[in-house]
Amino acid sequence: MSSSSTSKLSTFLLLFIFLGSISIVSADFNNEFDITWGDGRGKILNGELLTLSLDKSSGSGFESRNEYLFGKIDMQLKLVPGNSAGTVTAYYLSSKGSNWDEIDFEFLGNLSGDPYILHTNVFSQGKGNREQQFYLWFDPTADFHTYSILWNPQRIIFSVDGTPIREFKNSESIGVPFPKSQPMRIHSSLWNADDWATRGGLVKTDWSQAPFTASYRNFRADACVVSSGKSSCGGSASSGGNQAWLSEELDNTKQERLEWVQKNYMIYNYCSDSKRFPQGFPPECKMA
Ligand SMILES: *[C@@H]1O[C@H](CO)[C@@H](O)[C@H](O)[C@H]1NC(C)=O
């Protein structure tokens, strides 16, 4: 091999290593989030790990410093292990005011060995009632797993470890408001909800197991940040970054994965709860 091709190869390898390291860099929690309540029960360690805890006197929570209007947002969570019955770990995007928009993940704890429920909901202009619930195909307390929200003007996709579990499409054409003009912050909290969370409230929190702790790491947001009314994404793709996520949709493989989850792991879908909607399902249910 000539020396010039060797140096080309090493330049290429260096570039490769460099680009590889950029793609795994995740944001510093200290720059991105504030612990908002819990009197010391929420902690950021080294900028890399965030923990929330709950005991008999209080839970805790945090929120993002940034407000986002569309984004692809990943967070790794490791949920309360052991007997987590009665506890709820909520991780969601929400705007403010009485006509707020919200995109929710909520993790409902359970007795040791019994499955967590992943509860999801979408609010637009103050109206939710769009619950879908799932079991997971792994133990969410044994390790960190990635929970993602893709939110662009056409759709909201909830994913777990890259597998889509739910899609909420923009159905404005049939009169369903879609979250697209109110910036949202990321929020998370761990609290006691033993009046409803586990088996509908039958199983109470066992305080002898407290404190309960959930952990977060590897936050990453490819998102449009709104500050003083201006979006970092500008009017066009002017910021130069890769904004493919702004028009991303499910390809065939992902669509099949979504169907696999919905068939095998979905335990509640408001769009098939005919008792709840005797006058007919909400209009967006026809779009699925
Ligand atoms: C807890 O476990 C029970 C029994 O397997 C199950 O019916 C329930 O859906 C599980 N999850 C929650 C949050 O109640």
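Our subject in this report is the structure included herewith. Small disclaimer: the values here were computed from a predicted structure and weren't measured. (Residues numbered from 1 in each chain as written. Predicted model: local features only at pLDDT ≥ 70, side-chain atom pairs only at ≥ 80, totals over all residues.)

## Section: the overall build of the chain
(1) Moving on: Helix and strand counts for the chain stand at three helices and 16 strands.
(2) Moving on: Relative to its full complement of 288 residues, the chain shows a buried share of 31%.
(3) Moving on: A separation threshold of at least 6 residues defines the contact pool for the chain, and within that pool the share at least 24 residues apart is 66%. (Helix = DSSP H or I, 4+ residues; strand = E, 2+ residues; numbered from the N terminus. Buried ≥ 20, exposed ≤ 12 C-beta atoms within 10 Å, placed from the backbone. Contact = placed C-beta atoms within 7 Å.)

## Focus on unusual backbone geometry
(1) Moving on: Residue alanine 210 is joined to proline 211 through a cis peptide bond whose omega torsion reads 0 degrees.
(2) Moving on: Within the fold, proline 211 resides in the loop between strand 13 (185-192) and strand 14 (212-227).
(3) Moving on: In the Ramachandran plot, arginine 199 falls in the positive-phi region, its phi being about 50 degrees despite a non-glycine side chain.
(4) Moving on: Considering the arrangement of structural elements, one finds arginine 199 in the loop between strand 13 and strand 14.
(5) Moving on: Judged by the 13 C-beta atoms lying within 10 Å of it, arginine 199 falls in the partly exposed class.

## Things to note about the site of the ligand
(1) Moving on: Around the ligand sit Leu108, Asn110, Asp114, Pro115, Ile117, Ala197, Thr198 and Arg199, and those are all the residues in its vicinity.
(2) Moving on: The residue inventory of the shell around the ligand, partitioned by class, reads four nonpolar, two polar and two charged. (Near = placed C-beta within 6 Å. Nonpolar A, V, L, I, M, F, W, Y, C, P; charged D, E, K, R; others polar.)

## Section: the nonpolar core
(1) Moving on: Counting residues in hydrophobic clusters, the biggest one holds 47 residues, and the most contacted among them are Leu77, Phe107, Ile149 and Ile156.
(2) Moving on: Here this core gets six residues from one element, more than from any other, and that element is strand 5 (residues 67-78).
(3) Moving on: With residues near it in sequence (within four places) discarded, leucine 77 still touches Tyr91, Phe144, His145, Tyr147, Ala214 and Tyr216. (Core = buried A, V, L, I, M, F, W, Y, C linked by C-beta atoms within 7 Å.)

## Remarks on the sheet that holds strand 4 (residues 60-64)
(1) Moving on: Judged by pairing direction, the sheet is antiparallel, and its eight strands sit side by side in the order 1-4-13-6-7-8-9-16 without closing on themselves. Only two strands of the sheet have a single partner each, and these edge strands are strand 1 (33-37) and strand 16 (266-269). Going from strand to strand, the sheet's axes swing by 15 degrees on average, the running direction of each strand aside.
(2) Moving on: Looking at chain direction, strand 9 (residues 132-134) and strand 16 are connected through three bridges and run antiparallel. Paired with glutamine 132 across the bridge in strand 16 is asparagine 269. (Pairing = 2+ DSSP bridges. Axes fitted to C-alpha atoms, helices over the stretch in contact; angles between N-to-C directions.)

## Remarks on the pairing of strand 7 (residues 102-108)
Two faces make up the sheet, and in a regular strand the side chains alternate between them.
(1) Moving on: Burial runs high along strand 7: five of the seven residues are buried.
(2) Moving on: In terms of strand pairing, strand 6 (residues 87-94) meets strand 7 through seven bridges, oriented antiparallel. Its bridge partner being in strand 7, tyrosine 91 is matched across the sheet by phenylalanine 105.

## Concerning the pairing of strand 11 (residues 155-160)
(1) Moving on: Of all six residues making up strand 11, five are buried, and the element is well covered by its neighbours.
(2) Moving on: Both strand 10 (residues 145-152) and strand 11 contribute to a ladder of six bridges, which runs antiparallel. Directly across from tyrosine 147, in strand 11, lies its bridge partner valine 160.
(3) Moving on: Taking the residues that link successive antiparallel strands as the turn, the strand 10-strand 11 hairpin has two residues.
(4) Moving on: Inspection of the sheet shows strand 11 paired to strand 12 (residues 163-169) by six bridges, in the antiparallel sense. Opposite phenylalanine 158, over in strand 12, you have arginine 166 as the bridge partner.

## Points about the environment of phenylalanine 212
(1) Moving on: You can see phenylalanine 212 is positioned in strand 14.
(2) Moving on: Each C-alpha atom, one on phenylalanine 212 and one on lysine 56, is 9.8 Å from the other, the two residues being 156 residues apart in sequence.

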